[in-house]
Amino acid sequence: MVLALFLSLCSLMVFASEPPARARASAKVDLQDRLKEALRNPRLHEPLLKTGSQVAAVCDRCHGVGGNSPTPDVPNLAGQNTVYVLEQARQFAEGERQNEFMRRMIRVMTSDEKIGFSLFYGNQKVKPAPAQNAALTAKGQALYTKDCESCHEDHGRGDEHLARVAGQQPVYMTVALKRYRTGSGTRLDRDMAESLVTYTDSDIDAVVAYMRSMP
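### Considering the packing of helix α5 (residues 82-93) against helix α6 (residues 100-107)
Then step 1. Orientation of α5 relative to α6, taken along the N-to-C sense of each, is 110°, at an axis distance of 8 Å. Here α6 runs roughly perpendicular to α5, going by the angle between their axes. In contact with Ala89, Phe92 and Ala93 of α5, α6 contributes Met102, Arg103, Ile106 and Arg107.
Then step 2. In the contact of α5 with α6, the residues fall into five nonpolar, no polar and two charged.

Take a look at the structure:
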């Protein structure tokens, strides 16, 4: 039922100007509190996870089956922290992250659908790509250890507030890092800008190659 609803919505949401009543009503729910409850309570976790798998079937078209994107400029969602994914969904819905298609998509979801797909993707395994250029990857590892590890951890999996970068899609990461470096994107971060200010394009290519190969 959920899947059929979302397939229908995908074809209509481009023309929608307001979220339907079902989404407006669900906005009163504290998403993070309900997610924490689901993580503690298996009886709530299991049905929400099932709901999330149904919603994710719609997201497959862009983000790939199980959140492993088939497209280098579309991010993997597999293995991202559930709290982080849910917060990004909120930011898209409220326009803090600017992508009109994502905004309309997420705003028609109920609270449980948002929580469910966050749980679903957090439970999936990312598929890293083997290093293609050993020298480039080694350079990237040195840069990552110096500039990235203190926040994104030595394993690259981040935390509730910081994205998993391990195994991430290369074009997506390259564009994101260049925007952070120049402050030209909508997602500004002083720490990221300071870390990247001296990076050349070849430095970014190297650190992206290393992150892409991380399991």
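Picking up where we left off.
### Things to note about helix α4 (residues 42-63)
Then step 1. If you check α4, its first and last C-alpha atoms are just 27 Å apart, much less than what 22 residues at 1.5 Å a residue would give, namely 32 Å.
Then step 2. Largest kink in α4: about 45°, centred on alanine 57.
Then step 3. Listing the buried residues of α4 in full gives Leu44, His45, Leu48, Thr51, Gly52, Val55, Ala56, Val58, Cys59 and His63.
Then step 4. Where α4 begins, the capping side chain belongs to asparagine 41, and its oxygen is found 3.0 Å from the backbone nitrogen of arginine 43.
Then step 5. A positive backbone phi angle near 85° is found at glycine 64, which sits one or two residues after α4.

### Quick notes on the side chain of serine 69
Then step 1. Looking at the secondary structure, you find serine 69 in the loop between α4 and α5.
Then step 2. Each residue touching serine 69, except ones within four places of it in the same chain, is listed here: Cys62, His63, Gly64, Val74, Pro75, Asn76 and Gln169.

### Side note on the packing of helix α10 (residues 170-182) against helix α12 (residues 201-213)
Then step 1. It is the contact of α10 with α12, at a shortest axis distance of 10 Å, that shows an interaxial angle of 135°. Taken as axis vectors, α10 and α12 run oblique relative to one another. Both α10 and α12 take part in a crossing whose hand is right-handed. Together, Pro170, Met173, Thr174, Leu177, Lys178 and Arg181 of α10 and Asp201, Ile204, Asp205, Val207, Val208, Met211 and Arg212 of α12 make up the contact between the two elements.
Then step 2. When the residues that make up the contact of α10 with α12 are grouped by side-chain class, the tally is seven nonpolar, one polar and five charged.

### A look at unusual backbone geometry
Leaving glycine out, the prevailing phi sign among residues is negative, and the prevailing peptide bond configuration is trans.
Then step 1. Phi at glutamate 153 takes a positive value of approximately 75°, unusual for a residue other than glycine.
Then step 2. Mapping glutamate 153 onto the fold places it in the loop between α9 (149-152) and α10.

### Section: the packing of aromatic side chains
Then step 1. Enumeration according to the criterion identifies three aromatic pairs in this entry.
Then step 2. Ring centres of phenylalanine 117 and tyrosine 121 lie 6.2 Å apart, and the angle between their planes is 75°; this geometry places the pair in the edge-to-face category. With phenylalanine 117 and tyrosine 121 both in helix α7 (residues 111-122) and four residues apart, this pair spans about one turn of that helix.
Then step 3. With a relative accessible area of 6%, phenylalanine 117 lands in the buried category.

### Regarding the environment of valine 83
Then step 1. The topology assignment puts valine 83 in helix α5.
Then step 2. Of the residues examined, valine 83 reaches a relative accessible area of 11% and is grouped as buried.
Then step 3. Between the C-alpha atoms of valine 83 and leucine 31, which are 52 residues apart in sequence, the distance is 9.5 Å.
Then step 4. Ignoring any residue separated from it by four or fewer positions in sequence, one finds valine 83 in contact with Gln32, Leu35 and Glu160.

Thresholds applied
Residues numbered from 1 in each chain as written. Predicted model: local features only at pLDDT ≥ 70, side-chain atom pairs only at ≥ 80, totals over all residues. Heavy atoms only, no water. Axes fitted to C-alpha atoms, helices over the stretch in contact; angles between N-to-C directions. Helix = DSSP H or I, 4+ residues; strand = E, 2+ residues; numbered from the N terminus. Parallel < 35°, antiparallel > 145°, perpendicular 65-115°, else oblique. Contact = heavy atoms within 4.5 Å. Nonpolar A, V, L, I, M, F, W, Y, C, P; charged D, E, K, R; others polar. Expected span 1.5 Å × (residues − 1). Bend = angle between axes of the 7 residues up to and from the residue. Buried < 20%, exposed > 50% of the residue type's maximum accessible area, 1.4 Å probe, protein only. Polar contact = N/O pair within 3.5 Å; in protein donor to acceptor, adjacent residues only side chain to side chain. Left-handed = near helix turned anticlockwise from the far one by under 90°. Phe/Tyr/Trp six-rings, centres within 6.5 Å; stacked < 30°, edge-to-face > 60°.

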